[in-house]
Structures are given as structure tokens and as C-alpha cells.
Amino acid sequence: MGLNPETADLSTQRALAEWLPGRLAAEQPSVLVIGDLMLDGWWSGTIERLCREAPAPVVDIAVRDSFPGGAANTAMNLAALGARVSVAGIIGRDDAGADLRRQLEAAGIDVRHLHSHPDMVTTTKIRISSGGQVMLRIDDAARTVPAEALADLASSVSAAVERRDAVLVCDYGNGVLADPVQESLVVALATAGAAGNRRPLVVVDSHDPRPWAPLRPDLVTPNAQEAARLLDVRLPEGPDRADTVTGQAPALLAATGAAAVVVTLDRDGTVLIRPDGATHRTWARPAAEKQASGAGDTFVAALTLARSAGLPLTASLDLAQSAADVVVHQPGTSVCSTSQLSRYLAAFADTALGADELKQQLDLHRSEGQRIVLTNGCFDVLHSGHTRYLNQAKQLGDVLVVALNSDDSVSRLKGPGRPINAVADRAAVVAALSCVDYVTVFDTPTAEPLIRQLRPDVYAKGGDYTPEMLAETPAVEESGGRVAILDYVAERSTTAVVNRIRGGQGAATALQGSGE
């Protein structure tokens with residue numbers, strides 16, 4: 001799979017443009033989701049009294065909704081984002097199983113490898129709520145999975161894996177992915193990658209990724225608690241968890257056998273770990289919604305879709321974070337569709353704030369004890385060097401502001417023919433990055449006037465500078481801030497990208513390369 005070579009370079013550089021979800025959906029990657037399929041129930045009603053037997057509220061149920069959950073929710077998200085999806089797993093021959101199968105089929109998902117057994121109980125999780133508050137969750141699951149059903153699933157794995165662009169393992173520890181199924185999956189993937197055939201992308205989303213190390217997965221996606229158990233460490237609360245996880249990178253990679261590990265940190269976003277030591281952060285835009293569920297399923301679904309369609313890994317992570325941000329603003333177990341993701345990204349257009357309005361916002365953040373980081377640049381054609389740099393800048397404080405050179409300013413700096421993208425487009429793409437909180441535009445020769453107005457705690461600059469070389473340093477220090485010099489982002493990187501776009505060269509390499 002891969003995006004259209006004629007537009008691949010632009011897709012790489014403007015990864016979070018609003019048209020990208022539609023382009024990915026058009027690729028229609030074939031994805032197998034194998035694992036623990038569940039049914040989520042959301043029952044709601046009113047509370048007007050306590051029961052006589054105990055001091056417990058009585059909920060008079062008015063609404064009973066059910067939605068695919070667990071691996072089934074991941075499959076539903078993939079289908080909603082445009083993938084051709086097949087599911088493999090085991091459910092019961094009960095009402096919940098029939099409901100689950102019916103909903104999957106209605107979404108266009110292939111259920112030929114979804115096995116049912118009379119002695120199996122379909123896992124259900126029923127949440128009972130009133131007034132927007134979940135009062136109780138009732139879980140019902142099989143204590144053991146029938147050996148006959150496991151054998152049937154194991155025997156069908158080879159056919160299920162055949163001709164897939166990606167295989168996504170969703171292991172919630174319910175026993176469906178026991179030894180015979182694991183062994184069959186290892187053999188099937190080895191066979192798929194033999195004789196010069198392209199091995200499908202393999203993503204593992206498991207409560208315990210260690211048993212899946214023999215798969216040599218391309219990606220594993222443990223959450224913070226799962227990573228802590230895997231490492232046998234206690235992770236601190238808050239954003240410092242990312243630093244702790246990064247410090248354990250070799251242990252995480254060794255334990256999972258993965259080419260890359262993405263640790264999801266709930267409200268603190270995600271952190272990517274790779275063997276070359278490179279990391280990448282995303283930052284969540286959380287909501288106060290108390291009844292949202294399944295954002296992790298949405299994240300791994302969008303990540304798998306983007307990677308299987310050829311999007312670079314860091315861009316895939318940012319896109320997946322955006323999809324997760326969509327569903328946390330929706331109640332219940334929900335999915336993110338192509339159109340919803342496009343609308344979410346489109347909302348970042350025209351988001352550049354004027355300096356006066358931005359100052360008011362930053363004063364509020366400062367009153368809450370948050371540290372303000374400011375950086376500036378043209379960011380004409382966004383590339384991986386830029387995103388690494390912006391992620392580093394974000395980690396210097398709590399709020400990251402990116403000041404963009406105006407179009408006239410870019411032309412004065414870079415010469416005729418630049419910028420490639422107008423400032424409205426540049427602002428929309430930069431603002432959509434999860435690490436960026438605010439975008440503004442300036443037209444002065446340096447950012448010094450803006451610094452004096454905004455008074456950042458940290459002024460970040462990328463390049464082979466020293467603070468003494470920067471015209472902005474006195475303004476930063478006068479307001480009590482400091483200058484931080486980050487990794488050098490060579491101008492030749494942008495120039496090379498611009499030349500490749502104009503020359504129509506290197507497009508396939510840009511998307512099918514090492515993951516950047």
C-alpha cells in the first residue's frame with residue numbers, strides 16, 4: 001500500500017491537512033483485527049429513591065444502547081476510517097453475540113473468521129448511568145474458552161492473515177488468544193513474509209505484550225499501567241511519566257520484541273520509542289466528558305490505518321492522537337469517522353491569534369503557574385526535523401506558542417518563490433500538531449517585539465546558534481526568561497523537500513522509507 005506517488009510528498013509534509021483522512025480512506029488498506037471482541041452496554045435512567053434492602057440508588061432504566069467493544073470497537077473504528085476490515089475471534093451463541101455480529105456486519109466488516117460456540121459467553125460490559133454519571137459497571141465474561149473453539153480459531157488464522165496489509169492483535173487477556181492461536185499467528189505471519197512476499201504490518205495492543213514478542217511486531221501500544229507492569233516499575237503521575245518511560249526504552253523494546261513502542265498516557269498524550277533513540281511525543285486535548293470510552297481503541301485503529309497506507313510513523317501518531325481527541329468528546333463507546341477527523345483537522349484553519357488576544361490567553365495560563373514556551377520560524381514545508389524540534393520545544397514548559405513569519409517576511413528571508421504555502425495554510429498545519437497550543441503571525445525582521453509583548457518563560461530556537469548570537473536574547477532575559485537552543489533543523493532539509501516536490505522525485509521513498 002502507499003499514497004499516490006504524485007501527491008505523496010505533499011502528504012508527508014502536510015500530514016495533518018483536512019484532506020488527508022479522505023486520502024487514507026481511499027487507499028482502503030485491508031486489516032485483520034484478531035482478539036477479544038466484546039459488547040458494550042450503556043444503560044441510563046433516573047434516580048429518585050434508594051432501595052429498601054440497602055442504601056443504594058434505584059436507577060429506573062429508560063435507555064438501553066449497545067455498541068461493539070474491545071477488539072470489535074477497534075474494528076468499527078477502522079471501518080469508519082475507510083479500511084477493509086476482517087475480524088477473527090470467538091463469541092458465544094447468545095443474545096449478546098448475535099447483537100455483536102449483527103452490528104459488525106452492518107458496518108461492512110467481514111465476520112467469516114468470527115467463531116461462535118454454545119459453551120462460550122460473549123463478553124459484555126454494561127455501564128449504568130444517571131444524570132451523566134456512571135453509577136455501576138457489570139462485566140460478564142467466560143471463565144474459560146472452550147478448547148474446541150480455540151482449535152477452530154487457530155485453524156482459520158492462516159486464511160485470515162492471507163493478503164492483508166496489516167494485522168492488529170487486540171489482547172485483553174480474556175483467553176481467546178491462547179497458545180494455539182498465538183502459535184498459528186506466528187506461523188501465518190512468517191509464511192506471509194516468506195519467499196519475497198511483503199509481510200503485513202503487525203500491531204499489538206495487549207495488556208501484556210511480552211507473549212507476543214515472537215511475532216516481532218512493528219508496533220506495540222501499551223498504556224501507562226501496562227508499561228509499568230511490564231517494566232516492574234512505578235510510574236509517577238503527570239507529564240513526568242513520559243520521561244520515565246523514555247528512560248526505560250531499551251527494556252521496553254527488548255521485552256516486547258517490537259520495532260517501535262508507543263506508550264499511551266491518557267491525558268498526557270503518547271510517547272514513541274525506537275531503537276535508534278529517537279522519540280516523538282503527542283499531547284492530548286482532553287475533555288471533561290465522564291462517559292467517554294474506547295479512545296485507546298480509536299487511537300490504535302487510526303495509527304494502524306495510517307501506517308498501513310504508507311504515512312510516516314510520526315505523522316501517523318499525530319493523526320491517531322487527533323482521532324482519539326475526537327472520540328473523547330463523544331459520550332459512550334464511539335468511533336471516529338473519516339468525515340469527523342477531517343472536520344476536526346479543518347477546525348485548525350484560521351486559528352492564528354493576534355498578539356493582543358494571545359497575550360490575554362497566556363496571562364491566564366501564567367496565572368495558573370504554567371510555563372510559556374515561544375518559538376518562531378517560517379515552517380513553510382513541514383518536515384520531520386520541524387516536528388522533532390517542536391516536540392522538544394513543548395517539553396521545555398507547559399504551553400507552546402509558535403510564531404510564524406508572515407508571507408512577506410518569508411519572501412524577504414528566502415527569496416522569490418517562497419513561501420510555498422500561504423500563512424493560513426502554514427498556521428492550520430502547525431496548529432493541528434498536538435504539541436502546539438497556540439499559533440500567531442509576525443511581520444517584523446525579528447521576533448523581538450512579540451517577545452516583549454508576550455514575555456515567554458522560554459524562547460526556543462533551533463540552529464547552530466548561541467544565545468549571544470540571537471537578536472531576541474536581550475528581550476527574553478529582560479522579562480526573566482531564558483533562551484534554549486535545540487537540535488539544528490537545517491535549511492537544506494526544507495530546500496530538498498521543495499526541490500523534490502517541484503521535480504516530482506522521491507515521492508514513494510518519502511512515504512515508504514524508514515518511518516519519518
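Above this text sits the structure in question.
Keep in mind it's a predicted model, so treat the numbers as computed, not measured.

Asks: Please give an account of the sheet that holds strand S6 (residues 124-130) that cites residues and values.
Replies: Pairing is mixed in the open sheet, where 4 strands are placed in the order S3-S2-S6-S7. Strand pairing shows two members of the sheet lacking a second neighbour, strand S3 (57-70) and strand S7 (133-140), which therefore form its edges. Averaged over all pairs of adjacent strands, the angle between strand axes in this sheet comes to 20°, irrespective of strand direction. Inspection of the sheet shows S6 paired to S7 by 7 bridges, in the antiparallel sense.

Asks: I'd love a proper account of the pairing of strand S19 (residues 458-462), names of residues and values included.
Replies: Within S19, 4 of the 5 residues are buried, which leaves it mostly tucked inside the rest of the structure. As paired elements, strand S16 (residues 372-377) and S19 share 3 bridges and run parallel to each other. Paired with Thr 375 across the bridge in S19 is Ala 460. Of the pairings in the sheet, the one linking S19 to strand S20 (residues 482-486) comprises 5 bridges and is parallel in character. Within S20, the residue paired with Tyr 459 across the bridge is Val 483. In this fold, S19 hands off to helix H18 (residues 473-478), which returns the chain to S20; that crossover is right-handed.

Asks: Explain the pattern of salt bridges to me, and be specific about the residues and the numbers.
Replies: Applying the stated rule across the entire model yields 20 salt bridges. Among the salt bridges present, the one from Arg 426 reaches Asp 407, with a minimum N-O distance of 2.7 Å. One end of the pair, Arg 426, is in helix H16 (residues 423-432); the other, Asp 407, is in helix H15 (residues 407-414), and 19 residues separate them in sequence. According to the relative accessible area criterion, Arg 426 is buried, its value standing at 2%. The salt bridge partner of Arg 452 is Glu 478, with a shortest N-O separation of 2.4 Å. Pair noted here: Arg 452 is in helix H17 (residues 448-454) and Glu 478 is in helix H18, with a separation of 26 residues, a long-range link. Salt bridges linked by common partners bring Lys 359, Asp 363, Arg 366 and Arg 455 together as one network.

Asks: Just give me the short version of the packing of helix H8 (residues 240-247) against helix H9 (residues 249-256), but keep the residues and values in it.
Replies: Interhelical geometry of H8 versus H9 gives an angle of 65° and a closest axis separation of 5 Å. Here Val 245, Thr 246 and Gly 247 of H8 lie close against H9, whose contacting residues are Ala 249, Pro 250 and Leu 252. In terms of residue class, the contact of H8 with H9 is made up of 4 nonpolar, 2 polar and no charged.

Asks: Requested: an account of the nonpolar core, with residues and values cited.
Replies: Counting residues in hydrophobic clusters, the biggest one holds 80 residues, and the most contacted among them are Val 33 and Leu 104. The element that contributes the greatest number of residues to this core is helix H11 (residues 313-327), accounting for 9 residues. Those residues within four positions of Leu 104 in sequence are excluded, and the remaining contacts are Leu 37, Pro 68, Ala 72, Met 76, Val 87, Ile 109, Val 111 and Leu 114. Val 161, Val 169, Leu 177 and Leu 215 belong to the second-largest nonpolar core, a separate cluster that totals 44 residues.

Asks: Outline the sheet that holds S19, listing residues and values.
Replies: Pairing in this open sheet of 5 strands is parallel, and the strands run S18-S17-S16-S19-S20 from one edge to the other. Only two strands of the sheet have a single partner each, and these edge strands are strand S18 (438-442) and S20. Along the sheet, successive strands turn relative to each other by an average axial angle of 25°, direction set aside. In the sheet, strand S17 (residues 399-405) pairs with S18 via 5 bridges, with the strands oriented parallel. Its bridge partner being in S18, Asn 405 is matched across the sheet by Phe 442. The strands that helix H14 (residues 384-394) touches are S16, S17, S19 and S20; relative to S17, the one it contacts most, it runs at about 135°.

Asks: Got a sec to walk through helix H4 (residues 95-106)? Specific residues and values, please.
Replies: Taking 1.5 Å of rise per residue, the 12 residues of H4 would be expected to cover 16 Å, and the 17 Å separating its terminal C-alpha atoms lies within 8% of that figure. Along H4, the positions that sit buried rather than exposed are Ala 96, Gly 97, Asp 99, Leu 100, Gln 103 and Leu 104. Down the axis of H4, the sector holding all buried residues measures 160°, keeping them to one side. In H4, the exposed positions angled more than 90 degrees off the buried face are occupied by Asp 95, Arg 102 and Ala 106. Contacts from the buried residues of H4 go to strand S2 (37-50), S3, helix H3 (71-80), strand S4 (84-92), strand S5 (110-117) and S6. Phi turns positive, to about 80°, at Gly 108, one or two residues after H4.

Asks: Describe a nonpolar patch on the surface, and please don't skip the residues or the numbers.
Replies: A cluster of nonpolar residues, Ile 47, Met 135, Leu 136 and Ile 138, forms a patch on the protein surface that exposes about 320 Å² of accessible area. Take the nonpolar patch: its biggest share by element is 3 residues, from S7. Relative to the elements of secondary structure, Leu 136 occurs in strand S7. Owing to a relative accessible area of 45%, Leu 136 belongs among the partly exposed residues under this scheme.

Reading guide: rules and limits
Residues take numbers from 1 onward in each chain, read along the sequence in its written order. With the structure being a predicted model, the display of local features is reserved for residues of pLDDT at least 70 and the display and counting of side-chain atom pairs for 80 or more, all residues being used for whole-chain, interface and lining totals. Side-chain measures were taken over the full set of non-hydrogen atoms in the model, leaving aside hydrogen atoms and water. The criterion for strand pairing is that DSSP finds at least two bridges linking the strands in question. To qualify as a helix, a DSSP run of H or I must reach at least 4 residues; to qualify as a strand, a run of E must reach at least 2; elements of each kind are numbered from the N terminus. Whenever a helix is involved, its axis is fitted only over the stretch in contact; in every case the axis is a line through C-alpha atoms, and angles between N-to-C directions fall within 0 to 180 degrees. Burial classes: relative accessible area under 20% of the type maximum marks a residue as buried, over 50% as exposed, and values in between as partly exposed (1.4 Å probe, protein chains only). Call a crossover right-handed when, viewed with both strands pointing away from you, the route from the first strand across the helix to the second goes clockwise. Salt bridges are identified by distance alone: a Lys or Arg side-chain nitrogen within 4 Å of an Asp or Glu carboxyl oxygen. Note on contacts: a residue pair qualifies if any of its non-hydrogen atoms lie within 4.5 Å across the two residues. Note that Gly is not counted as nonpolar here; it falls among the polar residues with everything else outside the nonpolar set of Ala, Val, Leu, Ile, Met, Phe, Trp, Tyr, Cys and Pro and the charged set of Asp, Glu, Lys and Arg. Residues belong to one nonpolar core when they are buried, are Ala, Val, Leu, Ile, Met, Phe, Trp, Tyr or Cys, and are joined through side-chain atoms within 4.5 Å. Any helix carries an expected span of 1.5 Å times its number of residues minus one. It is the directions from the helix axis to the C-beta atoms that the arc portrays. Within the patch definition used here, like charges are joined within 9 Å and nonpolar side chains (Val, Leu, Ile, Met, Phe, Trp, Tyr) within 5 Å, considering only residues with over 30% relative accessible area and no salt bridge. Note on areas: Shrake-Rupley with a 1.4 Å probe; residue coverage comes only from the protein chains shown.

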